[in-house]
Amino acid sequence: MVVLYPECHTEKFLCEFIGYSKSKIITCNGKPNVINKLRSSDNDIIAIGIVDEVPMKTQHPDCKLYIEKANYLVISLLQQKNNAKYFLIEFKEEFEPWIKNINKKAKVDPERYNSKMDRLHEYTGVNIPDKYKKFLKKIFDSYPDPINKFKQWIKDCDNNS
């Protein structure tokens, strides 16, 4: 069984978008909380943390316990050295700039969804507006490669552990 630990609600939406039920997703509200959840996870589950990097912010000390297994664009799949069932999927930039970057290829007009690209961080609360969800869905549908890679890594973690 896979349990996903997204760092914030926008990443939680991404997990729901790729088909994971809310019962398999536990939002952690910050990278330190994701790392702590992975550290305390039951050994019977595949635990996958989903985090982004905030430039100029200090890394959690436990990040040294993970080794890179794969990378794609600015996303890395990391596996804990001491437990093959614990993983991190890390966006090497903040989540919102990543959305902006993949939207350059998707070419979705944010104004059509009443979403401002320079204000995406405002939508990271519990109640992500439907207009923002529709905007993200359109981006993912228009340029599915990064989302497909994200989904494939989660599936691979589940199948190979």
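Residues numbered from 1 in each chain as written. Predicted model: local features only at pLDDT ≥ 70, side-chain atom pairs only at ≥ 80, totals over all residues. Heavy atoms only, no water.

Novice: Before we go on, may I ask you to explain the side chain of glutamine 79 in this structure?
Specialist: If you trace the backbone, glutamine 79 turns up in strand β4 (residues 75-80). Residue contacts for glutamine 79: discarding those within four places in its chain leaves Leu65, Tyr66, Ile67, Lys69, Ala84, Tyr86 and Phe87. (Helix = DSSP H or I, 4+ residues; strand = E, 2+ residues; numbered from the N terminus. Contact = heavy atoms within 4.5 Å.)

Novice: What's the story with helix α1 (residues 9-17) in this structure? I'm lost.
Specialist: Note that an α-helix has 3.6 residues per turn; residues three or four places apart therefore point the same way. The set of residues buried in α1 consists of His9, Thr10, Glu11, Phe13, Leu14 and Cys15. Looking at the packing, one finds that the buried side of α1 touches β1 (2-6), β2 (46-52), β5 (86-91), α3 (95-106), α4 (130-142) and α5 (145-160). At the exit of α1 stands glycine 19, carrying a positive phi of roughly 110°. (Buried < 20%, exposed > 50% of the residue type's maximum accessible area, 1.4 Å probe, protein only.)

Novice: Sorry if this is basic, but what is going on with the nonpolar core here?
Specialist: The nonpolar side chains of soluble globular proteins are, as a tendency, buried together. Ile48, Ile89, Trp98, Phe140 and Phe150 are the most contacted members of the largest nonpolar core, which totals 34 residues. Elements represented by at least two residues in this core include exactly β1, α1, β2, β4, β5, α3, α4 and α5. Those residues within four positions of phenylalanine 140 in sequence are excluded, and the remaining contacts are Phe13, Leu14, Phe17, Trp98, Ile99, Ile102 and Ile147. Tyr5, Val34, Ile45 and Tyr86 belong to the second-largest nonpolar core, a separate cluster that totals 14 residues. (Core = buried A, V, L, I, M, F, W, Y, C linked by side-chain atoms within 4.5 Å.)

Novice: Explain the pattern of salt bridges to me, please; I cannot follow it from the model alone.
Specialist: Side-chain pairs of opposite charge can arise where the charged atoms are in close proximity. This model, assessed by the stated rule, comprises five salt bridges. Between lysine 12 and glutamate 16 there is a salt bridge, and its shortest N-O distance comes to 3.9 Å. Here the residue lysine 12 and the residue glutamate 16 both occupy positions in helix α1, the gap between them amounting to four residues, near one helical turn. Several salt bridges share partner residues, and in doing so they unite Lys31, Glu90 and Lys92 into one network. (Salt bridge = Lys/Arg side-chain N within 4 Å of Asp/Glu carboxyl O.)

Novice: Explanation requested: the sheet that holds β2 in the structure shown.
Specialist: Two modes of strand pairing occur in sheets, parallel and antiparallel, and in both the strands are linked by backbone hydrogen bonds. Pairing is mixed in the open sheet, where five strands are placed in the order β1-β2-β5-β4-β3. Looking at the sheet topology across the chains shown, the edges are occupied by β1 and β3 (66-72). Geometrically, the sheet is characterised by an average inter-axis angle of 20° between neighbouring strands, direction not taken into account. Taken strand by strand, α5 contacts β1, β2, β3, β4 and β5, and its axis lies near 140° from that of β3. (Pairing = 2+ DSSP bridges. Axes fitted to C-alpha atoms, helices over the stretch in contact; angles between N-to-C directions.)

Novice: Hey, could you run me through the packing of aromatic side chains in this one?
Specialist: Centre-to-centre distance and the angle between the planes together describe a pair of aromatic rings. By the definition in use, this model includes six aromatic pairs. Note on tyrosine 113 and phenylalanine 135: the rings are 6.0 Å apart at their centroids and 45° apart in plane angle, and the pair reads as tilted. Residue tyrosine 113 is found in the loop between α3 and α4, and its partner phenylalanine 135 is found in helix α4; the two are separated by 22 residues along the sequence. Taking the relative accessible area as the measure of exposure, phenylalanine 135 reaches 0% and is therefore buried. Taken together, Phe13, Phe17 and Phe140 form an aromatic cluster joined through their ring pairs. (Phe/Tyr/Trp six-rings, centres within 6.5 Å; stacked < 30°, edge-to-face > 60°.)

Novice: Quick question: what am I supposed to make of the confidence of the model for the chain here?
Specialist: In the predicted model, the chain carries a mean pLDDT of 86, and the fraction of residues at 70 or more is 90%. Taking the mean pLDDT of every element in the chain, the minimum, 86, falls on α3 and the maximum, 96, on β1. (pLDDT = per-residue confidence, 0-100.)

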